[in-house]
Amino acid sequence: MTDKEPLSMYRKLLGYNGGDKKYPIFAPMAGALVTQALIHCCQCREAISGTMGPRRDAWCISCTDEHIETVEKEKKEEARKKENDAIAARKKAEAEALEAEEESKKNFLDDG
Ligand SMILES: [Zn+2]
């Protein structure tokens, strides 16, 4: 291992701090001094690691994946809803424009 290579290449990924994948928790390097305290997943309570704990907001890999999937699904749902609202608004505007046109025609015929 050289200084230029990232440490993460040589260390096992255990989980994450927080529900996204921004802050990974890697296994300690050989010979590292670590606390002898468990890290539990804050969602499923499964032990992520026997050392380096305690941590308040640790997520296991499967809970993180599940959470990200759920968030993405919600985002898609929201985008679809917005799109449907926009379509409904446009249809309404078109109907109103048509109605106004009919009204003006009728007024024109009535006047003539
Ligand atoms: Zn979990």
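To be clear, the structure that these remarks concern was listed above.
Residues numbered from 1 in each chain as written. Predicted model: local features only at pLDDT ≥ 70, side-chain atom pairs only at ≥ 80, totals over all residues.

Draft legend 1. Region of interest: the overall build of the protein chain. Regarding its fold elements, the protein chain presents one helix and five strands. Starting at the N terminus and walking to the C terminus, you meet the elements of the protein chain as β-β-β-β-β-α. Dimensions along the principal axes, computed over C-alpha positions, put the protein chain at roughly 100 × 35 × 15 Å. Across the 112 residues in the protein chain, those meeting the buried criterion constitute 12%. (Helix = DSSP H or I, 4+ residues; strand = E, 2+ residues; numbered from the N terminus. Buried ≥ 20, exposed ≤ 12 C-beta atoms within 10 Å, placed from the backbone.)

Draft legend 2. Representation of the sheet that holds strand 1 (residues 13-17) in the model. Read from one edge to the other, the open sheet built from three strands follows the order 2-1-5, with strand pairing classed as antiparallel. If you trace the sheet from one side to the other, it starts and ends with strand 2 (23-26) and strand 5 (58-60), each paired once. Averaged over all pairs of adjacent strands, the angle between their axes in this sheet comes to 40°, without regard to strand direction. In this structure, strand 1 lies alongside strand 5, joined through three bridges in antiparallel fashion. When the bridges of strand 5 are listed, N17 appears paired with A58. On top of the sheet, helix 1 (residues 61-111) reaches strand 1 and strand 5; it is set at about 90° to strand 5, its chief contact. (Pairing = 2+ DSSP bridges. Axes fitted to C-alpha atoms, helices over the stretch in contact; angles between N-to-C directions. Contact = placed C-beta atoms within 7 Å.)

Draft legend 3. Structural detail: helix 1. With 51 residues, helix 1 should reach 75 Å at 1.5 Å per residue; the first-to-last C-alpha distance of 75 Å fits that figure. For helix 1, a buried count of two out of 51 residues is recorded, marking the element as mostly open to its surroundings. (Expected span 1.5 Å × (residues − 1).)

Draft legend 4. A look at the pairing of strand 2. Both strand 1 and strand 2 contribute to a ladder of four bridges, which runs antiparallel. Bridge pairing in strand 2 links N17 to Y23. Counting the residues that bridge the hairpin from strand 1 to strand 2 gives five residues, and of these G18 lies at a positive phi of roughly 90°.

Draft legend 5. A look at the environment of A37. Along the polypeptide, A37 turns up in the loop between strand 2 and strand 3 (39-40). Along the sequence, A37 and A47 sit ten residues apart, while their C-alpha atoms lie 10 Å from each other. In this structure A37 touches G53 and P54, once residues within four positions along its chain are discounted.

Draft legend 6. Seen up close, the nonpolar core. In this structure, L14, Y16, I25, I39, C41, I48, M52, A58, W59, C60 and C63 together form the largest nonpolar core, which totals eleven residues. For this core, the secondary-structure elements that each account for two or more residues are strand 1 and strand 5. Examining the composition of this core, we find that three residues originate from one element, strand 5, more than from any other. Apart from residues lying up to four places away in sequence, C60 is in contact with G15, C41, C44, E46 and I48. (Core = buried A, V, L, I, M, F, W, Y, C linked by C-beta atoms within 7 Å.)

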